[in-house]
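Per-entry structural report
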Number of protein chains: 2
Amino acid sequence: MSDFDATRKRLVSRFESALADYAARWSAWPEGLVAPVRHVLFGGGKRVRPLLALLAAEAVSDDAAPALPWAIAVEMIHTYSLAHDDLPAMDDDDERRGRPTCHIAYDEAHAILAGDALLTEAFLVLADGGWPAKTAVQLTRMLGIAAGGQGMVGGQILDIGGELTTMQALEHMQRLKTGALIRVAADGGAIAAGGSQTQVAAIRACGAALGLLFQITDDLLDRLQDPEEDGKNVLDLVDVQGALARRDEVARGAIDALTPLGERAAPLAALVHAVAHRDQ
Amino acid sequence: MSDFDATRKRLVSRFESALADYAARWSAWPEGLVAPVRHVLFGGGKRVRPLLALLAAEAVSDDAAPALPWAIAVEMIHTYSLAHDDLPAMDDDDERRGRPTCHIAYDEAHAILAGDALLTEAFLVLADGGWPAKTAVQLTRMLGIAAGGQGMVGGQILDIGGELTTMQALEHMQRLKTGALIRVAADGGAIAAGGSQTQVAAIRACGAALGLLFQITDDLLDRLQDPEEDGKNVLDLVDVQGALARRDEVARGAIDALTPLGERAAPLAALVHAVAHRDQ
């Protein structure tokens, strides 16, 4: 196992444990809500955003623990959006990661409400995160902007609108829908862990490039998996070689941004490399 | 026009003006999102919760302005929940207040996403409310609890579950679905306006009784409007005279709770009276 794989396993395992502890609080919720919420939240995801948050925290501090509530909130936002995007009125997906989606396992009403509960709970997690109040407010603002109308919800509106006929329009949609949360995940992890302004600025620059890198590699994967597909694919408009070159350039930028943090940021740099070369 | 009517008009008008100013920020959102969000938020509601928040603020302070962001956030939560509850998968309502519901005026996807955007935005409003950070965090926690799994979303799950066969189960559902947000609306208004602990405690006691009063009068109105309806109606299980007596007792409790605030709380007491005797 590589050093990075070991770090990833350690941090994801720490995240899963903190998430399970948090979810134990829901004993006061109606049972009919807890089951679909757990279905959505413990759905076998790779926990990329929490990992990113915790790697950013360890790049600025010896202790990633203060970033755990932030990682939990970000993952709640990510998974709520999957539950709502999967609904028949939107992408109408029956399966995700080999399991039935929430509205198939339960029904549409429960999938909508499970998403609503997770979206709400994400902000409650931030209010209870244990940071100085100013930090909690800053993180709440960051998450609200990334998740809302100028972020993920706005991106999904553009995606279902379907009039994405220019590369610019497609990239704008993806920047909102996917990029916004990736960008803040790292940034918030560094802030939650008490990083200095200089450190947070370095992480922010890396996160911004990483958000773009996710979009580029999403497109590359779409293209490689289904070369015939047309429609909303940036690579229908540019050549694959150009996209690969751009991917490498953006990944290099993300890694270069970490220089001020020194060796401590090596695992985060390794994540950037892994994202650039991911095959799923 | 009574003194109370004049106060109500003044405060609702002030709220509408602040809300319109806030909504002007959404020029950066995709147009396809702004229209359904505005449809939901400016849907001709009576603005009971914002009025309650502002009356509570004026009961503890000369200036209700600091409570405006709280009033906006609470109304965003209320209206998002209406948009989601109206969906075909839930109550399947085509009309609300004489206008088409959001999924009729637009479509289901836009109604789901408009709700998601408003729910998210409510927390962003709190992060940008201009209060001391500790106050912002306290209000975020209050709204998160009232809106989430142990509040409104939990109540809606119980409501659609349909196994409400005892008065206790019905009242529990209503306490979560309707009562939770009413209860915090006043409380948060007093906190946002900088009320002292004693003042906030008085408002909180009034708000708790008012939440219950809303439930009792909802039931009375249901019964009076449709005496044949069975199912989830508390008054199928108790007599109307008993409910009227209970209504008066709870209203008296809500008004008595305001005693420590003196004359300043008279308009809030008048609202309690108006809720007890409302006919819609």
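These numbers come from a predicted model, not from an experiment.

Comments concerning the overall build of chain A
In terms of helices and strands, chain A carries twelve helices and two strands. Taking 2.2 N^0.38 as the reference for a compact globule, 280 residues should give roughly 19 Å; the C-alpha atoms of chain A span a radius of gyration of 18 Å, in line with that estimate. For chain A, the C-alpha atoms occupy an extent of roughly 55 × 45 × 35 Å along the three principal directions. Counting only residues that meet the buried cut, chain A has 57% of its 280 residues in that class. Across chain A, the fraction of contacts at a sequence separation of at least 24, relative to all contacts at a separation of at least 6, is 72%. Element-wise, carbon and sulfur atoms account for 49% of the exposed surface of chain A, whose accessible area totals about 11,200 Å². In chain A, 25 positive and 39 negative side-chain charges are present, and the distance between their average locations comes to 7 Å.

Notes on the nonpolar core
In terms of nonpolar packing, the biggest core is built from 197 residues, with A:Trp70 and B:Trp70 touching the most fellow members. Not counting residues within four places of it along the chain, the set of residues in contact with A:Trp70 comprises A:Ala53, A:Leu126, A:Trp131, A:Leu139, A:Met142, A:Leu143, A:Val184, A:Ala185, A:Gly188, A:Gly189 and A:Ala192.

As for the interface of chain B and chain A
Counting from both sides, the interface comprises 40 residues of chain B and, opposite them, 40 residues of chain A. Sorting the residues of chain B by area buried against chain A places B:Leu113, B:Thr120 and B:Ile157 first, and these three jointly supply 16% of that buried surface. Where chain B touches chain A, the interface holds two salt bridges. In this structure, A:Asp128 engages B:Arg141 in a salt bridge whose closest nitrogen and oxygen atoms are separated by 2.5 Å. Where chain B packs against chain A, one counts six residue pairs in polar contact (both at pLDDT 80 or more). Contributions of two or more residues to the side of chain B that touches chain A are made by α2 (31-41), α4 (68-85), α6 (108-127), α7 (133-147) and α8 (152-161) of chain B. The element that contributes the greatest number of residues to the side of chain B that touches chain A is α6(B), accounting for twelve residues. Its residues assigned to classes, the side of chain B that touches chain A shows 24 nonpolar, eleven polar and five charged.

Here's the deal with the packing of aromatic side chains
As enumerated under the stated definition, the model contains five aromatic pairs over all chains in all. Between A:Phe123 and B:Phe123 the ring centres are 4.6 Å apart and the planes differ by 5 degrees, which places this aromatic pair in the stacked class. Here B:Phe123 lies in helix α6 and A:Phe123 lies in helix α6 (residues 108-127), a pairing that spans two chains. A relative accessible area of 0% places B:Phe123 in the buried class.

Structural notes on helix α1 (residues 3-23) of chain A
Residues and elements named next belong to chain A. Given a rise of 1.5 Å per residue, 21 residues ought to cover 30 Å, and the 30 Å separating the end C-alpha atoms of α1 matches this to within 8%. When we look at burial in α1, the residues that qualify are Phe-4, Thr-7, Leu-11, Val-12, Phe-15, Ala-18, Leu-19, Tyr-22 and Ala-23. Buried residues of α1 fall within an arc of 135 degrees about the axis and therefore sit on the same side. Residues of α1 that are buried make contact with α2 (31-41), α3 (48-60), α4 (68-85), α6 and α12 (266-276).

Here's the deal with the side chain of B:Asp187
All names here are of chain B. On the secondary structure map, Asp-187 appears in helix α9 (residues 167-192). A residue is classified by how much of its surface remains accessible, and Asp-187, at 7% relative accessible area, is buried. With residues up to four places along the chain from it excluded, the contact list for Asp-187 reads Met-142, Val-200, Ile-203 and Arg-204.

Some details on the relation of the copies chain B and chain A
Note on the identical chains: chain B maps onto chain A by a rotation of 180 degrees and an axial translation of 0.0 Å, with an RMSD of 0.0 Å. Those values place the two copies in the arrangement expected of a two-fold rotation axis. Among all residues of chain B, the one whose C-alpha sits closest to the rotation axis is B:Ala133, at a distance of 2.6 Å. Mapped onto chain A, 100% of the interface residues of chain B are again interface residues, and the two copies thus contact each other with one and the same surface.

Things to note about the pattern of salt bridges
All names here are of chain A. Evaluation of the coordinates by the stated rule reveals 28 salt bridges over all chains. The salt bridge involving Arg-14 is made with Asp-63; its shortest N-O contact spans 3.8 Å. Taken as a pair, Arg-14 in helix α1 and Asp-63 in the loop between α3 and α4 lie far apart in primary sequence, 49 residues in all. Because the salt bridges share partners, they merge into one network encompassing Glu-16, Arg-47 and Glu-75.

Focus: unusual backbone geometry
Residue and element names in this part refer to chain B. Backbone geometry places Arg-47, a non-glycine residue, at a positive phi of 60 degrees. Even without a glycine there, the phi angle at Arg-97 is positive, about 50 degrees. With respect to the element layout, Arg-97 can be found in the loop between β1 (95-96) and β2 (99-100).

Regarding the side chain of B:His110
Position of B:His110 among the secondary structure elements: in helix α6. Taking the relative accessible area as the measure of exposure, B:His110 reaches 16% and is therefore buried. Ignoring any residue separated from it by four or fewer positions in sequence, one finds B:His110 in contact with A:Ile157, A:Ile160, B:Gly32, B:Pro36 and B:Cys102.

So, the confidence of the model for chain A
The predicted model of chain A averages 92 in pLDDT, with 95% of residues at 70 or higher. Among the prediction metrics, the complex's ipTM stands at 0.94, with pTM recorded as 0.94.

Comments concerning a negative patch on the surface
A cluster of acidic side chains, namely A:Asp91, A:Asp92, A:Asp93, A:Asp94 and A:Glu95, defines a negative patch on the protein surface. Looking at the secondary structure, you find A:Asp93 in the loop between α4 and β1 (95-96).

Let's talk about the environment of A:Glu31
Of note, A:Glu31 is situated in helix α2. Separated by 22 residues in sequence, A:Glu31 and A:Lys9 place their C-alpha atoms 31 Å apart.

Scoring rules and cut-offs
- Residues numbered from 1 in each chain as written.
- Chains lettered and ligands numbered in written order.
- Predicted model: local features only at pLDDT ≥ 70, side-chain atom pairs only at ≥ 80, totals over all residues.
- Heavy atoms only, no water.
- Helix = DSSP H or I, 4+ residues; strand = E, 2+ residues; numbered from the N terminus.
- Rg over C-alpha atoms; globule rule 2.2 N^0.38 Å.
- Buried < 20%, exposed > 50% of the residue type's maximum accessible area, 1.4 Å probe, protein only.
- Contact = heavy atoms within 4.5 Å.
- Areas by Shrake-Rupley, 256 points an atom, 1.4 Å probe, with all protein chains shown as cover.
- Lys, Arg positive; Asp, Glu negative; His and termini not counted.
- Charge placed at Lys NZ, Arg CZ, Asp CG, Glu CD.
- Core = buried A, V, L, I, M, F, W, Y, C linked by side-chain atoms within 4.5 Å.
- Buried area = accessible area lost by both parts, 1.4 Å probe.
- Salt bridge = Lys/Arg side-chain N within 4 Å of Asp/Glu carboxyl O.
- Polar contact = N/O pair within 3.5 Å; in protein donor to acceptor, adjacent residues only side chain to side chain.
- Nonpolar A, V, L, I, M, F, W, Y, C, P; charged D, E, K, R; others polar.
- Phe/Tyr/Trp six-rings, centres within 6.5 Å; stacked < 30°, edge-to-face > 60°.
- Expected span 1.5 Å × (residues − 1).
- Arc of directions from axis to C-beta.
- Least-squares fit on C-alpha atoms with pLDDT ≥ 70 in both.
- pLDDT = per-residue confidence, 0-100.
- Patch = residues over 30% accessible without salt bridge, like charges linked within 9 Å, V, L, I, M, F, W, Y side chains within 5 Å.

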